[in-house]
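Read off the chains here:
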Amino acid sequence: MDLQSLSVVLRAALSPNPDERKAAEQSLNQFQYTPQHLVRLLQIIVDNNSDMAVRQVASIHFKNFIGKNWSPLEPDEPQKILPSDKDLVRPHILEFVAKVPPLLRVQLGECLKTIIHADYPEQWPHLLEWVKLNLQHDDSQVYSALFVLRILSRKYEFKSDEERVPVHHIVEETFPSLLNIFNKLVQIANPPLDVADFIKLICKIFWSSIYLEIPKQLFDPNVFNAWMVLFLNVLERPVPMEGQPADPELRKTWGWWKVKKWTVHILNRLFTRFGDLKLHNPENRAFAQMFQKTYAGKILECHLNLLGVIRVGGYLPDRVTNLILQYLSNSISKISMYNLLQPRLDVILFEIVFPLMCFNDNDQKLWDEDPHEYVRKGYDIIEDLYSPRTASMDFVTELVRKRGENLQKFIQFIVEIFKRYDEAPLEHKPYRQKDGALLAIGALCDKLQQTEPYKSELERMLVQHVFPEFSSPIGHLRAKSFKNIILNCIVCVRLHGLQDNMLTLISQTRTISVKHCRALSLGCEIQNFLFVLIQFLLCAPLLNLAKAYLNEIRPILPQLLDEFFKLMNEVENEDLVFTLETIVDKFGEEMAPYALGLCQNLASAFWRCMNTAEADDEADDSGALAAVGCLRAISTILESVSRLPHLFVQVEPTLLPIMRRMLTTDGQEVFEEVLEIVSYMTFFSPTISLDMWSLWPLMMEALKDWAIDFFPNILVPLDNYISRGTAHFLTCKEPDYQQSLWNMISSIMADKNMEDSDIEPAPKLIQVVFQNCKGQVDQWVELYLRITAERLRRSEKSYLKCLLIQVIADALYYNAALTLSILQKFGIATDIFGLWLQMLQQVKKSGVRANFRREHDKKVCCLGLTSLLALPVDQLSGDALERVFKATLDLLVAYKDQVAEAAKEEEAEDDDDMDGFQTDDDDDDGDESDKEMGLDAEDGDEADSIRLQKLAARAKSFRPNDEEDEDSDDDYSDDEELQSPLDEVDPFIFFVDSVKAMQASDPLRFQNLMQTLDFHYQAFANGIAQHADQRRLEIEKEKLEKATAAS
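Residues numbered from 1 in each chain as written. Predicted model: local features only at pLDDT ≥ 70, side-chain atom pairs only at ≥ 80, totals over all residues. Heavy atoms only, no water.

Rules: UniProt positions are given in the numbering used here, feature names are shortened, and annotations may be inferred rather than shown by experiment.
The name that an unreviewed UniProt entry assigns to the protein is Coatomer beta subunit, with the source organism given as Parasponia andersonii. Recorded in UniProt for the protein, the comment headed Sequence similarities (unreviewed entry) runs: "Belongs to the importin beta family."

This is the structure in structure tokens:
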């Protein structure tokens, strides 16, 4: 496609006509791999004569294509971009990155990041030389060099040890020029705003270069001092008043305030990581001593001067204030720094820090406009990272913890505020100061509970100063009083065991919340009440009160649920539903008597929320969130009563209308939640009713038309239909579910436009059919094998290849003779088994298996390969038998080791639950499994962090599997949580029984096979036989224990 045609297609991608847009996107996808396509896109991006909208579309397409295709994800994946195109793109993107508008520079910056991370230094060795050369030219070229150097330095920001070696070379080559540029910029009188952009980039480069380790060049006192002089200059210099935006949101992102923030950030990092004698390595102790002696005090002085602006009502961005207060908090524990703080401590504490803790104008604006958001921000961890209020609380906490002599005067200050508040008339009460005082008491609750006389006064303080604010006309004080209940009442329980007081608090809180909600129609009181209740429920186990506490709530549970439903009828609030989920989770099967009523009420609430959303397109999203919450709560209820299948029959009529309606296009916003309900209903019901089977066509229709992104979610109920309703699946002809499934799977797997990651559920469904319908779907084996082989031929992702090979393994287990004859008929048997055995042998850089890494994968392969052993010599030659036999032995040993490791980890986790920690001694017997197999292990465990890998695997289940790191040792997946008929098959026993059957039917063939095995494989075979005998005993014992328990 030439340049002009490409511009026309890009413009069409902006068309309001969906058909034109779709045609343009298809055209782009069709030509994206042709030579020079990337180069032409870049030409359009940098062409100032082209329409800006077209340039932007080109930049996005350019970025996405480079991000996806510049560097192959798999070692065996072919290159999709020609080397000649790469050689053209690299220099041209460097040339134009600073010349394009900022909107396009962002996209090119992402491209540069991808290219640098993939190519530097091996494929792009001259990049650093280009940066060094351009740092010495005019402004535009200097900016380009700084922009690129920032990306380059960030590549190594979190690298350590050997991976960090390139940083030293980068610093050595570029920092002298950077220092020179920085020095010139600082000396400019009345600098324009673009100077701030230059300084900000230099600060970011410096930050990335020193984040984990000080480069050796900066240990030179003269060099380091030159940098520090400039940073202190920037820190001390007032920010220009001219040009500052009036809008607060724009003001905090203004260039000069960004420079100030990055300067403070760097100085904080130097102080906390490299300037602390207690934290750093002995060899760098001299640097830490020099920093504390020469610079730490100067930085503190500058910080205090900046904070002084707040004292007189001036402006300082929240993030800068937060960072400065962090520096002050870290200074408290160091005697020399504390001595510098002490003369100004009262001013800092009472005129700067405490006012920052108080309710302010911004809080008032947010409270008036969105009280829910105000309360949410109070519990938002991310907000805490940047909040001056949180940093102020941390400063006070650190001050009274490390310098306890300050506690008394601070508490006296707070008591004075309480006193003034109580004595002032209603219209003159210092509401904002009371708010800050309540926050301060909450922040110090841990210290107060350990210190007399405050320890004995906590309960009286609650009664006198917190409870009255429940009925305050000032909403934010009501909110603060609720939060202080959590922080302080739990303390009271710890100190005095005041369970009765706590329960009284729940009652009072609920009554007052309901009163205010109904009188004032404020959802915030609900949110606070619910927060209190949730926290009590969650904290009870921590306080060793779980049983007693729940026993106290249990008698009022029906009334409590009634109150919830009354509130749900009046207010659409997702927090109500969340709290209901929490209660259900805590009481589990005890919710069974209320399950039907809960589901009916939640279903009614769901329909109300949906009707509200449909009636008013302009309404906010609280109703939609509540609707989603209703479905989540229903799922929680179904899970809690999962061991009571009769209840699913009762709730089905209530939930069926929701499922039927929301599995159509009407339910796109809640499709995932509805599919979860369908999954529960099809899995835990005693049988799958005909009404539930009526949902199958709806899911198939959705999958065909618009729901392909939900294919992994649809997989679960489809699995349930086939595995739990096998007879109906096989016998019903109207509709024909087998034909319906084939139509869907064949369409998806044959679609060349679908990515490998998008079709993963399809081969899994074929496996479900083969595993659950053994001997009953012979007519479908050839069709499924053909579509599997065709997709395997053009698959690129290793994970999909593994799944497709497992389809063949399941087909062999289903009927080895039939499957092998079909593969031979297709003329692909040799290729398939060659690829299979090759994939079994592939390892990653770390030495772990590259394929079939999960327990389930290995087991399926074992069963498939073992099934071949029963075939006669005319179907499986002696050479092929030897290769299959050895591969199966290797796989069984790996499977056994993995199962043993998982069991050991599970046992360690149980120990962790009881002891709170695990000693290193627990790993001493890690090689026992190899010794049992007849060999001594030469290597240690492949993975030291299995628990973390399990958690990571859960997260990975929500994204394509091929995004895993090259050296990932993840051997776990949610797939292993699914049930399958294979769960009842022990692969060791199956293997040994198959070998014995071969020995009985063809002794000579067996004898020849054994003679081909060397000592290594003979030891494996003996170990497998011993383990199979052990497994028989264990299985019989498990059966006996189950029978005894049942009786």
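1. Side note on the nonpolar core
As a reminder, the rule being used: Put simply, buried Ala, Val, Leu, Ile, Met, Phe, Trp, Tyr and Cys residues joined by side-chain atoms within 4.5 Å make one nonpolar core. Summary of the burial criterion: residues with accessible area below 20% of their type's maximum are buried, those above 50% are exposed, and those between are partly exposed, where the area comes from a 1.4 Å probe applied to protein chains only. It only takes one pair of heavy atoms within 4.5 Å for two residues to be counted as in contact.
Residues Phe 62, Leu 112, Trp 227, Leu 270 and Leu 328 are the most contacted members of the largest nonpolar core, which totals 149 residues. For Trp 227, the residues in contact, after removing those within four places along its chain, are Phe 175, Leu 178, Leu 179, Phe 182, Ile 202, Phe 206 and Leu 218. Membership of the second largest hydrophobic core comes to 148 residues, among which are Leu 675, Tyr 721, Ile 766 and Leu 982.

2. Concerning empty space enclosed by the protein
Selection criterion: In this analysis the probe radius is 1.4 Å and the grid spacing 1 Å, with only protein atoms considered; a cavity is a set of points the probe fits into but cannot get out of, a pocket is an open set with protein on both sides within 12 Å along at least five of seven lines, and lining residues have an atom within 4 Å of a point. Grid points are joined across faces, edges and corners, and a volume is the space filled by probe spheres set on the points. Amino acids outside the nonpolar list (Ala, Val, Leu, Ile, Met, Phe, Trp, Tyr, Cys, Pro) and the charged list (Asp, Glu, Lys, Arg) are all regarded as polar, and Gly is one of them.
Enumeration over the complete set of coordinates arrives at 7 cavities of 30 Å³ or more. Of the voids in this model, the second largest cavity is the one considered here, and its volume is about 90 Å³. Forming the walls of the second largest cavity are Val 186, Ile 199, Val 234, Arg 237, Pro 238, Val 239, Pro 240, Trp 256, Val 259 and Lys 260. Residue composition of the lining of the second largest cavity, by class: 8 nonpolar, no polar and 2 charged.

3. Topic: the packing of aromatic side chains
Cut-off, in case you're wondering: Stacked, tilted and edge-to-face are the three classes applied to pairs of Phe, Tyr and Trp rings, where Trp contributes its six-membered ring and a pair requires centres within 6.5 Å; stacked means planes under 30 degrees apart, edge-to-face means over 60, and tilted covers the rest. Secondary structure is summarised from DSSP: a helix means a run of H or I of at least four residues, a strand means a run of E of at least two, and numbering begins at the N terminus for each. A positively charged side chain is recorded as over a ring if its NZ (Lys) or CZ (Arg) lies within 6 Å of the ring centre. The angle to the ring normal must also be within 35 degrees.
Scanning the model with the defined rule gives 49 aromatic pairs in all. Centroid distance Phe 224 to Phe 287: 5.0 Å. Interplanar angle 75°. Geometry classified as edge-to-face. Of this pair, Phe 224 sits in helix H11 (residues 221-236) while Phe 287 sits in helix H14 (residues 285-311); the two residues are 63 residues apart in sequence, bridging distant segments of the chain. Lying over the aromatic face of Tyr 315, Arg 251 brings its terminal NZ or CZ to 4.1 Å of the ring centre. Between Lys 774 and the ring centre of Tyr 813, over which it is positioned, the NZ or CZ distance is 3.6 Å.

4. Topic: the packing of helix H5 (residues 83-96) against helix H6 (residues 102-119)
The line we're drawing: Lines are fitted to the C-alpha atoms to define the axes, a helix being fitted only along its stretch in contact, and any angle between axes, read from their N-to-C directions, falls within 0 to 180 degrees. Angle categories are assigned with fixed cut-offs, so that under 35 degrees is roughly parallel, over 145 is roughly antiparallel, 65 to 115 is roughly perpendicular, and the rest are oblique. In a left-handed crossing the near helix is turned counterclockwise from the far helix by less than a right angle, and in a right-handed crossing that turn is clockwise.
Packing of H5 against H6 brings their axes to within 11 Å, and their N-to-C directions diverge by 135°. Classified by the interaxial angle, the pair formed by H5 and H6 is oblique. For the crossing formed where H5 meets H6, the hand is left-handed. Mapping the contact onto sequence places Val 89, Arg 90, Ile 93 and Leu 94 in H5 and Leu 108, Cys 111, Leu 112, Ile 115 and Asp 119 in H6. Grouping the constituent residues of the contact of H5 with H6 by class yields 7 nonpolar, no polar and 2 charged.

5. A closer look at helix H3 (residues 37-46)
Burial analysis of H3 places 8 of its 10 residues in the buried class, which makes it a mostly covered element. His 37, Leu 38, Val 39, Leu 41, Leu 42, Ile 44, Ile 45 and Val 46 are the residues of H3 that are buried. Buried residues in H3 make contact with helix H1 (3-12), helix H2 (18-31), helix H4 (52-69), H5 and H6.

6. Focus: the packing of helix H50 (residues 987-1001) against helix H52 (residues 1015-1046)
Packed helix pairs are specified by the crossing angle of their axes together with the interaxial distance, meaning the distance between the axes. Where H50 contacts H52, the two axes come as close as 8 Å, and the packing angle between them is 120°. Considered as vectors, H50 and H52 are oriented oblique to each other. Both H50 and H52 take part in a crossing whose hand is left-handed. In contact with Phe 988, Ile 989, Phe 991, Val 992 and Asp 993 of H50, H52 contributes Ile 1024, Ala 1025, His 1027, Ala 1028, Arg 1031, Arg 1032 and Ile 1035.

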